[in-house]
Amino acid sequence: MREALYYKKEPLFRVRCVLCPHRCQMHKGQAGLCRSRVNQDGELMTTAYEEVSAYGLDPVEKKPLYHFLPGRDLLTYSGNGCTFRCTFCANHMISQEDAPTAHLGVPELVELARRHGAAGLAASYAEPVVFYEFVRDMAPCAREQGLKNVAVTNGFILEGPLRDWLPSLDALKVDLKGNEAFYREVCGGQADPVWRTVRIAHESGVHVETAMPLIPSLNDYHEDFDEMVGKLAEISPEIPFHIQAYTPAHRMSVDATPLEDLERAYEAASRSLKFVYLQNVSGVPDRQTTFCPDCREPLIRRDGNRVLENRLKEGQCPRCARAIPGVFS
Ligand code: SF4
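Here is what the cut-offs are and how they apply
Residues numbered from 1 in each chain as written. Predicted model: local features only at pLDDT ≥ 70, side-chain atom pairs only at ≥ 80, totals over all residues. Heavy atoms only, no water. Helix = DSSP H or I, 4+ residues; strand = E, 2+ residues; numbered from the N terminus. Rg over C-alpha atoms; globule rule 2.2 N^0.38 Å. Buried < 20%, exposed > 50% of the residue type's maximum accessible area, 1.4 Å probe, protein only. Contact = heavy atoms within 4.5 Å. Near = heavy atom within 4 Å. 1 Å grid on protein atoms, 1.4 Å probe; cavity = no way out; pocket = protein on both sides within 12 Å on 5 of 7 lines; lining within 4 Å. Sits in = over half its atoms within 2 Å of the grid points. Nonpolar A, V, L, I, M, F, W, Y, C, P; charged D, E, K, R; others polar. Arc of directions from axis to C-beta. Domains from an automatic or database assignment. Buried area = accessible area lost by both parts, 1.4 Å probe. Salt bridge = Lys/Arg side-chain N within 4 Å of Asp/Glu carboxyl O. Polar contact = N/O pair within 3.5 Å; in protein donor to acceptor, adjacent residues only side chain to side chain.

### Some thoughts on the overall build of the protein
In terms of regular secondary structure, the protein is built from 8 helices and 19 strands. Taken against the 2.2 N^0.38 rule, which gives 20 Å for 329 residues, the C-alpha radius of gyration of the protein at 20 Å falls within 12% of a compact globule. By its C-alpha atoms, the protein is 65 × 45 × 35 Å across when sized along the principal axes. Taking all 329 residues of the protein together, 56% fall into the buried category. Summarising the internal contacts of the protein: among those between residues at least 6 apart in sequence, 66% fall at separations of at least 24.

### Considering the site of the ligand
Inspection of the region around the ligand gives Cys-17, Leu-19, Cys-20, His-22, Arg-23, Cys-24, Met-26, Gly-32, Leu-33, Cys-34 and Arg-37 as its neighbouring residues. With respect to the pocket detection grid, the ligand is positioned in the largest cavity. Of the residues that constitute the shell around the ligand, the class distribution is 7 nonpolar, 2 polar and 2 charged.

### Quick word on helix 2 (residues 106-115)
Those residues of helix 2 lying buried are Val-106, Leu-109, Val-110, Leu-112 and Ala-113. Down the axis of helix 2, the buried side of the element spans an arc of 155 degrees, and every buried residue falls inside it. Helix 2 presents Pro-107 and Arg-115 as exposed residues on the side facing more than 90 degrees away from its buried surface. Of the surrounding secondary structure, the elements contacted by the buried residues of helix 2 are strand 7 (51-52), strand 8 (54-59), strand 9 (73-78), strand 11 (120-123) and helix 3 (132-144). Count one or two residues on from helix 2 and you reach Gly-117, which has phi positive near 70 degrees.

### Structural notes on the domain arrangement of the protein
By the assigned domains, the protein splits into domain 1 (2-46) and domain 2 (51-310). Taking the mean C-alpha position of each, domain 1 and domain 2 sit 27 Å from one another. Residue-level contacts link 17 residues of domain 1 with 26 residues of domain 2. Surface buried jointly by domain 1 and domain 2 totals about 1,600 Å² across both partners, of which 54% is contributed by carbon and sulfur atoms. In terms of surface lost to domain 2, no three residues of domain 1 exceed Leu-19, Pro-21 and Arg-35, which account for 37% of the buried area on that side. On inspection of domain 1 and its partner domain 2, the count reaches 3 salt bridges. Linking domain 1 with domain 2 are 13 residue pairs in polar contact (both at pLDDT 80 or more), by the criterion used here. By residue class, the composition of the side of domain 1 that touches domain 2 is 9 nonpolar, 3 polar and 5 charged.

This is how it looks when you write it as structure tokens:
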């Protein structure tokens, strides 16, 4: 536990957290919506600091990041808590519940990453914004060892903390969930701050990819989907977009996404975006392949989270020399 960043002291020992758009006000002894920031005698403390609820070595493709050091692993770690309440969360045991944690310090995690030959560390599984101080302190320590810093986030963060965070990041994967109503009713959040995060992160030069779970009858309406893809294309058509097959989880019992819905979404998104992928499906290898947008040469072939072949030459198509956005060495 340590004092949190980004909060204001208010009269009568109240505090207001200004890390994410919820801007929780807490009386003495109360926790914020994310459950990991607590008012202790008029000071805001983060209970998630160096308290790890899950960690493991994952392929970078699992994040999913397809244009960031293909084929390498990331030491992935998480605390408990989330700023959202998604009823379909596959990681609800740590995002919505207080799972047991182990005290693992920044240097220990960096050493684990180094010892296992990881390319870097990824804050993921639950929401990194709620263990923000932990992630921020990890970054310089990781960089000293030549390791990258990655975060997998819902993007729900205020502009100041985001801008302060970005210089320490090498890659950011932002989840896109649906339209404004979906964010409010199914996730307990808002869409606009998430779009602001994608735009600011992209403009900052950090490598950004996006992903969206396609949930039948909830966020797969054509107009909404097309509008979302259009918004992303306005920021940049070069930002990779992963459409994820949803399977029932947590409190959501809607049937899993049929392949034909995923294919339809893939076709629609590919009309505006240059790099579209299908995730969590098998038997459609082309949908996990990176093609050159100009000459259609297959560049990186994958099977699930495994890279089968990488033909990029210094980040360019070997046939027409078109530059492919991302970090490849
Ligand atoms: S980070 Fe947590 S405590 Fe802070 S405003 Fe967001 S939900 Fe509330």
